Every structure is written in structure tokens, then in C-alpha cells.
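# A look at the structure
The chain contents come next:
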Amino acid sequence: MTQTVLITGATSGLGAEFARQLAAKGANLVLVGRNAERLEHNAARLQADHGVGVETMAADLHTDAGVDEVVVRLEDSSSPVTTLINNAGYGLVEPFADSPLETELDHLKIHVTVPLTLSHTALQGMRRRGSGHIINIASVAGFTPRGTYGAVKAAMISFSRWANIQYGGEGISVTALCPGFVHTEFHQRMKVDKRSVPSWMWLNAPDVVAEGLRDAARGKGVSIPSIRYKVLAGFARFAPPSLVAAFAWRGR
Ligand SMILES: NC(=O)c1ccc[n+]([C@@H]2O[C@H](COP(=O)([O-])OP(=O)(O)OC[C@H]3O[C@@H](n4cnc5c(N)ncnc54)[C@H](OP(=O)(O)O)[C@@H]3O)[C@@H](O)[C@H]2O)c1
């Protein structure tokens, strides 16, 4: 069966890289993001380079209308989505109590409510077909005390770990991909000076995506790209929370 992959947040960064690597493997794509012009540009390039089918969907996932549009596409059994990649997201600059509540609730929605809504919808068709992959882009921040960003990513790690066990027997994998710092537009959008993070902590999007896709294909529930971040995630499990929190605060 032809693979069709729906990627949220496909205008830049990890989402755009997933689109490139999957198109190179011959998958058809559904690209979701707010910026219609950038989506069209990416789609035209992928079609020209790899000859795959690419649909674009300009949708703001903060809005119910935007989420509904994606849900309708996932329900379309005439062209089933075989892999769902919940990737759209961003970081907040202010700590919780200094952020407007509405901003915090939008952040919760895009990182947890939307991925759960899309996963619930996608799972209906995947279970009928007895196959499918869901990749939730979490973060190593989910293993650390790091504000509401760490909290939402921890929720998706926990959910993915469970769902991978629950639905693995039905031929469906659910993987939380947990990168460390990656060169994308993430920090620029937060207006964070990337020089505050030592160079050895930076990963490149092509390596993160390649490792994530490999781990998802192997049916892993949690994927932590690179040896250095596997070690740091282990450290976060056993070190005192105040020490881990001080370390994790870098890069904001
Ligand atoms: N970069 C890192 O260091 C890092 C580390 C760990 C985890 N992550 C996670 O990786 C994921 C991808 O981030 P990235 O690093 O690739 O950053 P990025 O280059 O800034 O990409 C973020 C993507 O999310 C989309 N997006 C943001 N708000 C949206 C909304 N309301 N509706 C629809 N789409 C929206 C953006 O598209 P539009 O602007 O077109 O809407 C963009 O395509 C995020 O979940 C992030 O938390 C990043």
C-alpha cells in the first residue's frame, strides 16, 4: 500500500526535514502549518525532486476550525494516512506565572490536546487496517523539571510509551521522539540567543529525523537521538531535581 504521511508543523525545522526524508523514500505527504506560502513552496520542491503526491493544508492548530480540518483529512478512508507525525510546536519565553493564562492554554493545546485528538482519529483507521505509525515529537525536556514545556513533553512521552504497548499487538507503533537542542527555527522564534547553549549540545535536524524514523520502524516507544542525549536523559533520571532543573534551564 502507498504510504501517506501527515505532518503537522511542516513549514520549517524538523517537520520540513521529515517531509524531505519521507518523500525521498517515496511516501505521499500531507503538510500542515499556518504559513500557506511556505507550505506550497515546500510541496512544489518535494514534488519536483521526488515525484511524490503532496497535499498542503494551511491550518492554525490553536483553533478548533484548524484542528477539525486535519481531523476530516485523517477520516478520509479513500486515501488513508498511514503515518501521523505530531510535530507542530514552540517554546514559551516567560515562566508559567508570568505568562498570560491564554498563552499557556494555547501551548497546552498545541502540544497535548491536538496530538491526542489527531492520534485518536488516526488510530480508528489504523486499527481497521491493522497497521500504522504515530510519531509524537516530544523532547528530552520531558525528562526534566522545565516549566510547562517539560510538562507537556512529559505527557506525550508517557502517552506514547503506553500507547506503543497497547496498540503494538495490532501492528501500530507510537513513538515519542525526544531530541535535545536542534538547529531549526525554534529558538529564533523564541528570540533566544543560541550562543547560550554550548556547541556540543546542538544536533542537526537530518540526524534527529533519520534516527527517529529508524526507531519508529523498529517499534520503539521512546527515541532519544544521539549517544550524548541518551546519557543526559539517564543523568536526568537519577540526579537531584534541582541540579537537573538548573542544567535544563539553559537555552531559554
Ligand atoms: N529545535 C529544538 O531544539 C527542539 C528540541 C526538542 C523538541 N523540539 C520540538 O520539535 C517540534 C518542531 O519544532 P522545530 O524545532 O522544528 O521548530 P520550528 O522550525 O519553529 O518549527 C515549528 C513548526 O510548528 C508549526 N506551528 C507552530 N505553531 C503552529 C500552529 N498554531 N498551527 C500550526 N502549525 C504551527 C510551524 O509552522 P507555521 O509557522 O507555518 O505555523 C513550524 O512548521 C516542536 O514540537 C518542538 O517542541 C524542538
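Look up: the structure comes first, before these words.
What you are looking at is a predicted structure, and each value in this text was computed from that prediction instead of being measured. (Residues numbered from 1 in each chain as written. Predicted model: local features only at pLDDT ≥ 70, side-chain atom pairs only at ≥ 80, totals over all residues.)

Counting buried positions along strand β1 (residues 4–8) yields five of five residues, so the element is predominantly enclosed. Here β1 shows no split at all, with Thr4, Leu6 and Thr8 on one side and Val5 and Ile7 on the other all buried. Across five bridges, the pairing between β1 and strand β2 (residues 28–33) is parallel. Directly across from Val5, in β2, lies its bridge partner Leu29. Looking at chain direction, β1 and strand β4 (residues 83–86) are connected through three bridges and run parallel. Counterpart to Ile7 in the pairing with β4 is Ile85. (Buried ≥ 20, exposed ≤ 12 C-beta atoms within 10 Å, placed from the backbone. Helix = DSSP H or I, 4+ residues; strand = E, 2+ residues; numbered from the N terminus. Pairing = 2+ DSSP bridges.)

Here the focus is the site of the ligand. With respect to spatial proximity, 29 residues lie near the ligand, and among them Gly9, Gly13, Gly33, Arg34 and Gly89 are the closest. Of all the secondary-structure elements, those providing two or more residues to the shell around the ligand are α1 (13–24), β7 (181–183) and α6 (186–189). Considering every element that reaches the shell around the ligand, the biggest residue donor is α1, with three residues. Of the residues in the shell around the ligand, the class split is 11 nonpolar, 13 polar and five charged. (Near = placed C-beta within 6 Å. Nonpolar A, V, L, I, M, F, W, Y, C, P; charged D, E, K, R; others polar.)

Moving on to the nonpolar core. Judged by nonpolar contacts, the single largest core of 66 residues is most densely connected at Leu6, Ile7, Ala19, Leu29, Leu31, Val32 and Ala122. Contacts of Ala122, omitting those with residues within four sequence positions, involve Leu74, Val81, Leu84, Gly132 and Ile134. (Core = buried A, V, L, I, M, F, W, Y, C linked by C-beta atoms within 7 Å. Contact = placed C-beta atoms within 7 Å.)

Now for the packing of α1 against helix α7 (residues 205–217). For the pair α1 and α7, the least separation of the axes is 9 Å and the interaxial angle reads 60°. Classified by the interaxial angle, the pair formed by α1 and α7 is oblique. Crossing angle aside, the handedness with which α1 passes α7 is right-handed. Residues Gly13, Leu14, Glu17, Phe18 and Gln21 of α1 touch α7, and the partners they reach there are Ala205, Pro206, Val208, Val209, Ala210 and Leu213. (Axes fitted to C-alpha atoms, helices over the stretch in contact; angles between N-to-C directions. Parallel < 35°, antiparallel > 145°, perpendicular 65-115°, else oblique. Left-handed = near helix turned anticlockwise from the far one by under 90°.)

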